[in-house]
Amino acid sequence: DVKPFTLEDYNPRGMTATYDAVGKALSQLEERNPEKAIIMINTDGGENASREYTQSGVAAKVKAAEDRGWEVVFLAQNIDACAASTALGMTRGFSKGMAAGAEGIHEGYATMNLCASSYRSA
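An account of the accompanying structure is given in this report. This is a predicted model, so every value here is computed, not measured.

The next point concerns the pattern of salt bridges. Using the criterion set out here, one finds five salt bridges in the structure. Among the salt bridges present, the one from Lys24 reaches Glu52, with a minimum N-O distance of 3.1 Å. With Lys24 in helix α1 (residues 18–32) and Glu52 in the loop between β1 (38–43) and α2 (55–67), this residue pair connects regions lying 28 residues apart in the sequence. The class of Lys24 is partly exposed, set by a relative accessible area of 38%. On the accessibility criterion, Glu52 (57% relative accessible area) is exposed.

Structure, rendered in structure tokens:
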């Protein structure tokens, strides 16, 4: 039931609600409760707009996901990926900073592909 995404739908405002996005996504995944899951967090900005979830609330959800054996991957442009993933509570997941632009995104997704392949085969 998802409609196509168009340029009219995209209105960048310099706001990044990372905690809300990750918290909501993990809550939905918890309801589905799959045996295995790969959670990919991909951002181009630091947290500055969340209203529902806090850093500590999301960190608890990320830890619970890791405790279930779910893989958490964090890809980021324009911020310190290691510091941001640590703030989200990632302890054993994978974080990678990407260079801005198509080449950096390609490299980040290639890395994600390797993570996913490794996780699926385990």
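The next point concerns the sheet that holds strand β2 (residues 71–77). Strand order in this open sheet of three strands is β1-β2-β3, and the pairing throughout is parallel. Edge strands, defined here as strands with exactly one partner in the open sheet, are β1 and β3 (94–98). For this sheet, the mean angle separating the axes of adjacent strands, direction not counted, is 15 degrees. Note: β1 against β2, six bridges, orientation parallel. Residue pairing for β2: Ile41 is matched across the bridge by Phe74. On top of the sheet, helix α4 (residues 102–121) reaches β1, β2 and β3; it is set at about 165 degrees to β3, its chief contact.

The rules we used
Residues numbered from 1 in each chain as written. Predicted model: local features only at pLDDT ≥ 70, side-chain atom pairs only at ≥ 80, totals over all residues. Heavy atoms only, no water. Salt bridge = Lys/Arg side-chain N within 4 Å of Asp/Glu carboxyl O. Helix = DSSP H or I, 4+ residues; strand = E, 2+ residues; numbered from the N terminus. Buried < 20%, exposed > 50% of the residue type's maximum accessible area, 1.4 Å probe, protein only. Pairing = 2+ DSSP bridges. Axes fitted to C-alpha atoms, helices over the stretch in contact; angles between N-to-C directions. Contact = heavy atoms within 4.5 Å.

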